[in-house]
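Structural characterization, general
The chain contents come next:
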Amino acid sequence: MRKTKEEADVTRQNLLKAALAVFSRQGYHATRLEDIAEEAGVTRGAIYHHFGGKAELYNTLAAEAAARVMPVIQQAIDEGGTPLTALRRLLVRTLEYAERDADFRAVTELIAFKTEVIPELQEGMNKKVEGNRKMIAFLTQLIQQGIDAGEIRAEVEPQDAALTLLGLQNGLLTLWLLDPALFSLKARAAAIADLWLAGLTVR
């Protein structure tokens, strides 16, 4: 009997959930498709029906985690206000989201600490590089708007500021994943954002 699209979607999501659980326990390299199939309660054939193999499962997890945070970013921008207001909202909400969404956190931890960079994962790495470049370009433009509006100091180099913002966000997330007891992203996000913005603001 042929599965409905809804049933196929449920199976696909169950496979991704199982893959994330096993990758998180064992790391990418040590994980076999049989391990994922057992976790999901299906056969290897069911995995190949939805995904090309282990690398595609991994890259799909990474891509879907990145896609889930995009509405948070988009809403932070769409709410309007000045460029500085938008920058602050963007940093605060992405940091808060990282602590709030357990799957996003697990995928980020998997990528940062439990995966070797190997040729079969290059496609996913290329997409990450492309995403970073698009974000840096967007932030650079937003910071330039702040300079043009007289909010941000004229001597600030927009791309440098964009790089520090993305580096701050990624660095804080990595530090928190290593030692969650050290601080709370949600609790400290606003104060950290204000500290960063103080370096840009016209006084």
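Residues numbered from 1 in each chain as written. Predicted model: local features only at pLDDT ≥ 70, side-chain atom pairs only at ≥ 80, totals over all residues. Heavy atoms only, no water.

1. What to know about the nonpolar core
Using the following cut-off: Throughout, nonpolar core names a set of buried Ala, Val, Leu, Ile, Met, Phe, Trp, Tyr and Cys residues whose side chains join them through atoms within 4.5 Å. Accessible area is worked out with a 1.4 Å probe on protein chains only. A residue is then buried under 20% of its type maximum, exposed over 50%, and partly exposed in between. In this text, helices come from DSSP runs of H or I with a minimum length of four residues, and strands from runs of E with a minimum of two, each type numbered from the N-terminal end. Contacts: residue pairs with any heavy atoms within 4.5 Å of one another.
Residues F23, I36, L57, L87, I152 and L185 are the most contacted members of the largest nonpolar core, which totals 60 residues. Those elements that place two or more of their residues in this core are α1 (5-26), α2 (33-40), α4 (54-78), α5 (83-100), α6 (102-113), α7 (122-148), α8 (158-178) and α9 (185-198). In this view, I36 contacts L15, A18, A19, V22, F23, T31, I47 and L57; residues no more than four positions away in its chain are not counted.

2. Some points on the confidence of the model for the chain
Should the pLDDT be low somewhere, the predicted coordinates at that spot are not to be read in detail. Our working definition: One number per residue, pLDDT, summarises how confident the predictor is, and it ranges from 0 to 100.
Predicted confidence across the chain gives a mean pLDDT of 93, with 99% of residues reaching 70 or more. Element-level mean pLDDT values for the chain span from 91 in helix α3 (residues 44-50) up to 97 in α8.

3. Some thoughts on the pattern of salt bridges
The criterion, for reference: Salt bridges are identified by distance alone: a Lys or Arg side-chain nitrogen within 4 Å of an Asp or Glu carboxyl oxygen.
Tallying each qualifying case throughout the model produces 12 salt bridges. Linking R88 and D194 is a salt bridge whose minimum nitrogen-to-oxygen distance equals 2.6 Å. Of the two residues, R88 is situated in helix α5 and D194 in helix α9; the sequence distance between them amounts to 106 residues. Given the relative accessible area of 38%, D194 is considered partly exposed. Each of E79, R89 and R93 takes part in one network of salt bridges that share partners.

4. A few points about α2
Within α2, the full set of buried residues consists of L33, D35, I36 and A37. Residues of α2 that are buried in the fold lie against α1, α3 and α4. Backbone geometry just downstream of α2 places G41 in the positive-phi region, at approximately 75 degrees.

5. Focus on the packing of α5 against α9
Quick note on the threshold: Between the N-to-C directions of two axes lies an angle of 0 to 180 degrees, each axis being a line fitted to C-alpha atoms and, for a helix, fitted only over the stretch in contact. Oblique is the label for any angle not under 35 degrees, not over 145, and not in the 65 to 115 range, which are roughly parallel, roughly antiparallel and roughly perpendicular in turn. In this scheme, a crossing is called left-handed if the near helix is turned counterclockwise away from the far one by less than a right angle; it is called right-handed if the turn is clockwise. Put simply, Ala, Val, Leu, Ile, Met, Phe, Trp, Tyr, Cys and Pro go in the nonpolar bin, Asp, Glu, Lys and Arg in the charged bin, and everything else, Gly too, in the polar bin.
In contact at an axis separation of 9 Å, α5 and α9 are set at 155 degrees when each is read in the N-to-C sense. Classified by the interaxial angle, the pair formed by α5 and α9 is roughly antiparallel. By crossing handedness, the relation of α5 to α9 is classed as right-handed. Between α5, through L84, L87, R88, L91, V92, L95, E96, A98 and E99, and α9, the contact on the second element is made entirely by L185, K186, A189, A190, A193, D194, W196 and L197. Residues belonging to the contact of α5 with α9 are distributed by class as follows: 12 nonpolar, no polar and five charged.

6. Concerning the environment of A30
Within the secondary structure layout, A30 lies in the loop between α1 and α2. We classify A30 as partly exposed; its relative accessible area is 46%. For the pair A30 and T115, spaced 85 residues apart in sequence, the C-alpha separation works out to 9.8 Å.

7. Considering the layout of surface pockets
Note the cut-off: The way it works is a 1 Å grid over only the protein atoms, where trapped points that fit a 1.4 Å probe form a cavity and open points with protein on both sides within 12 Å along at least five of seven lines form a pocket, and then any residue with an atom within 4 Å of a point lines it. Grid points are joined across faces, edges and corners, and a volume is the space filled by probe spheres set on the points.
Roughly 1400 Å³ of internal volume is contained in the largest pocket. Lining the largest pocket are 48 residues, with A62, A66, K128, G131 and N132 positioned closest to its centre. The greatest single-element share of the lining of the largest pocket, amounting to 14 residues, is contributed by α4. For the lining of the largest pocket, a count of residues per class yields 28 nonpolar, 13 polar and seven charged. Space inside the second largest pocket adds up to approximately 170 Å³. Those elements giving two or more residues to the lining of the second largest pocket turn out to be α1, α4 and α6.

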